[in-house]
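# Inside the fold
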Amino acid sequence: MRRARITGVGHYAPPRVVTNFDLEKMMDTSDEWIRERTGIVERRWVDEDTATSDLAAEASKKALQMAELKPEEIDFIIFATLSPDYYFPGSGCLLQHKLGINHIGALDVRNQCCGFIYGLSIADQYIRTGTYNKILLVGAEVQSKGLNLSTEGRDVAVLFGDGAGAVVIEPTDEDRGILSTHLHADGRFATELCVEYPGSAAPQGATHQMLNEERFFPKMNGREVFKHAAIRFPQVIQEALEANGFCTQDIGLIIPHQANLRISEAMRTRLGLPPEKVYNNIQRYGNTTAASIPIALSEALSEGRIQDNDMVILAAFGSGFTWASAAIRW
Ligand code: ACO
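Quantities reported herein were computed from a predicted structural model and do not represent experimental measurements. (Residues numbered from 1 in each chain as written. Predicted model: local features only at pLDDT ≥ 70, side-chain atom pairs only at ≥ 80, totals over all residues. Heavy atoms only, no water.)

## Considerations on the overall build of the protein chain
Along its length, the protein chain carries eleven helices and 13 strands. Expected size for 330 residues packed as a compact globule is a radius of gyration near 20 Å; at 19 Å, the protein chain falls within 12% of this value. Across its three principal axes, the protein chain shows a C-alpha extent of roughly 55 × 50 × 35 Å. In the protein chain, which comprises 330 residues, the proportion classed as buried is 54%. Of the contacts made within the protein chain by residues no fewer than 6 positions apart, 77% connect residues no fewer than 24 positions apart. Across the protein chain, 32 positive and 42 negative side-chain charges occur, with their mean positions spaced 3 Å apart. (Helix = DSSP H or I, 4+ residues; strand = E, 2+ residues; numbered from the N terminus. Rg over C-alpha atoms; globule rule 2.2 N^0.38 Å. Buried < 20%, exposed > 50% of the residue type's maximum accessible area, 1.4 Å probe, protein only. Contact = heavy atoms within 4.5 Å. Lys, Arg positive; Asp, Glu negative; His and termini not counted. Charge placed at Lys NZ, Arg CZ, Asp CG, Glu CD.)

Next comes the structure, spelled out in structure tokens:
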């Protein structure tokens, strides 16, 4: 049976470290508040000249190196981000050019925090059907340039960071690799966590009003997000386990989207798992949305937290609302 397997993983974060104490100088917040509510200690921010596709290119080069592939051997690109370089064209095209590859397809995925798992699901189908053999999947974000860094925007601004993670996906005949993916959405909650502008929902001529009202900044109903995330994370992980006939004892490592340490802890408690079964690095990166899972996967691998044949579960929840999981036999 032809399955899809991750053969290369890499991540890249910009070198500039922004601590909670740095944020205290920009807005009315405190290290204590941020740590207690989110677990975040620091995050990375890009400099003026760096865009999302630049971070993606660096992470991609590392993933390609691990897979022992040259960029021109890739036959399809999937790029997950909520912070593209431009409103259009998609960042996948820009990444393709930066890697020096010609003519292969480049698909942008816009499923926010679930973007990487949605992208993984697409790659899985293409590999299983034999359409493509070497897919580059990237999750990358530059959040810092789009945040309201005044006290007014502090509830959102303290959460997010910049970074990128990439994987190479290839076919295997072995009984390992991506076993299943599970995707969900509930559009009733679309405005609980969103950026309104630019967008076609705005009336004609509303541009100046939208700018004056600062509706280009992300807005979030934090409590509503928390409530739903705490339910959906364990639910979608159980779904992945049941689809494959596994129970929680079979889990080698869960790599959740790094939304908030308290959300990860709520999920872990609900599943009855010990701390070592759930990977967290939000302390050092903040929430990097579509990039958080591949960055965490990359670090977990390099720290030896994942061994051959381990059952790895990826899970995410985010804007949409969307939620998703993937079961992988490593
Ligand atoms: N620093 C200091 N004070 C703040 C900050 C801040 N950065 N942000 C908000 N506050 C204040 C509020 O103004 C409020 O003050 P008030 O009581 O005088 O009105 C007080 O802190 C409490 O605000 P709440 O919103 O009630 O705080 P809460 O305990 O709910 O924590 C948080 C807020 C951390 C956002 C929480 O709701 C949460 O974790 N939600 C989940 C959202 C999340 O993690 N989103 C990540 C992105 S989505 C995703 O990836 C799934």
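Back to the write-up after that little detour.
## Notes on helix α8 (residues 222-243)
For α8, which comprises 22 residues, the first-to-last C-alpha distance of 31 Å matches the rise-based estimate of 32 Å (1.5 Å per residue) to within 8%. Ala 229 marks the point of greatest bend in α8, at about 25°. Every buried residue belonging to α8 is among Glu 224, Val 225, His 228, Ala 229, Ala 230, Phe 233, Pro 234, Val 236, Ile 237, Ala 240 and Leu 241, and all of these are buried. Taken from the residues just after α8, Gly 245 is the one with a positive phi, measuring 70°. (Expected span 1.5 Å × (residues − 1). Bend = angle between axes of the 7 residues up to and from the residue.)

## With respect to the environment of Arg 110
Relative to the assigned elements, Arg 110 resides in the loop between β5 (105-109) and α5 (115-128). Between the C-alpha atom of Arg 110 and that of Met 27, which follows or precedes it by 83 residues, the distance is 30 Å.

## Side note on the environment of Asn 260
Of note, Asn 260 is situated in the loop between β11 (253-256) and α9 (261-271). According to the relative accessible area criterion, Asn 260 is buried, its value standing at 10%. Counting along the chain gives 42 residues from Asn 260 to Pro 218, while the straight-line C-alpha distance between them is 17 Å. Beyond its immediate stretch of four places on either side in the chain, Asn 260 contacts Arg 37, Thr 38 and Ile 282. Here the side chain of Asn 260 touches Arg 37 through a polar contact of 3.4 Å, landing on its backbone oxygen. (Polar contact = N/O pair within 3.5 Å; in protein donor to acceptor, adjacent residues only side chain to side chain.)

## A closer look at the domain arrangement of the protein chain
By a widely used convention, the size of an interface equals the accessible area lost when the partners come together. What the domain assignment reports for the protein chain is domain 1 (3-174) and domain 2 (178-329). Look at where the C-alpha atoms of domain 1 and domain 2 centre, and you get two points 14 Å apart. Each side of the interface is counted separately: domain 1 has 53 residues, and domain 2 has 45 residues. Carbon and sulfur atoms make up 66% of the area that domain 1 and domain 2 hide from each other, which totals about 3900 Å². (Domains from an automatic or database assignment. Buried area = accessible area lost by both parts, 1.4 Å probe.)

## Some details on the pairing of strand β6 (residues 135-141)
Most of β6 sits out of view: seven of its seven residues are buried. Strand direction decides the pairing type here: strand β4 (residues 76-80) and β6, joined by five bridges, are parallel. Residue pairing in the sheet places Ala 80 in a bridge with Gly 139 of β6. As paired elements, β6 and strand β7 (residues 163-172) share seven bridges and run antiparallel to each other. Within the sheet, the bridge partner assigned to Ile 135 lies in β7 and is Ile 169. (Pairing = 2+ DSSP bridges.)

## Topic: the site of the ligand
Thr 29, Arg 37, Arg 223, His 257 and Asn 260 are the nearest of the 24 residues found near the ligand. A distance of 3.2 Å separates an oxygen atom of the ligand from a polar atom in the side chain of Trp 33. For the ligand, whose unbound accessible area comes to 1000 Å², protein coverage reaches 75%. When residues of the shell around the ligand are traced back to their parent elements, those giving at least two are α2 (31-38), α6 (154-157), α8, α9 and β12 (311-318). The leading source of residues in the shell around the ligand is α8, at four residues. (Near = heavy atom within 4 Å. Areas by Shrake-Rupley, 256 points an atom, 1.4 Å probe, with all protein chains shown as cover.)

## Quick look at the sheet that holds β12
Strands sit in the order β8-β13-β12-β11 across an open sheet of four strands; the sheet is mixed. The two strands at the open ends of the sheet, each matched to only one other strand, are β8 (177-185) and β11. On average, each strand axis in the sheet is tilted by 15° relative to the strand beside it, whichever way the strands run. In this structure, β12 lies alongside strand β13 (residues 322-329), joined through eight bridges in antiparallel fashion. Looking at β13, one finds that Met 311 is bridged to Arg 329. (Axes fitted to C-alpha atoms, helices over the stretch in contact; angles between N-to-C directions.)

## Quick word on the pairing of β7
Within β7, nine of the ten residues are buried, which leaves it mostly tucked inside the rest of the structure. Bridging between strand β1 (residues 3-12) and β7 involves nine bridges; their strand directions are antiparallel. Pairing of Ala 4 across the sheet is with Pro 171, part of β7.

## Re unusual backbone geometry
The phi torsion of most residues other than glycine is negative, and most of the peptide bonds are trans. Phe 88 connects to Pro 89 through a cis peptide bond whose omega is 0°. When you line up the elements, Pro 89 lands in the loop between β4 and α4 (91-98). At the junction of Tyr 197 and Pro 198, the peptide bond is cis and its omega measures out at 5° in the coordinates. Along the chain, the position of Pro 198 falls in the loop between β9 (193-194) and α7 (207-212).

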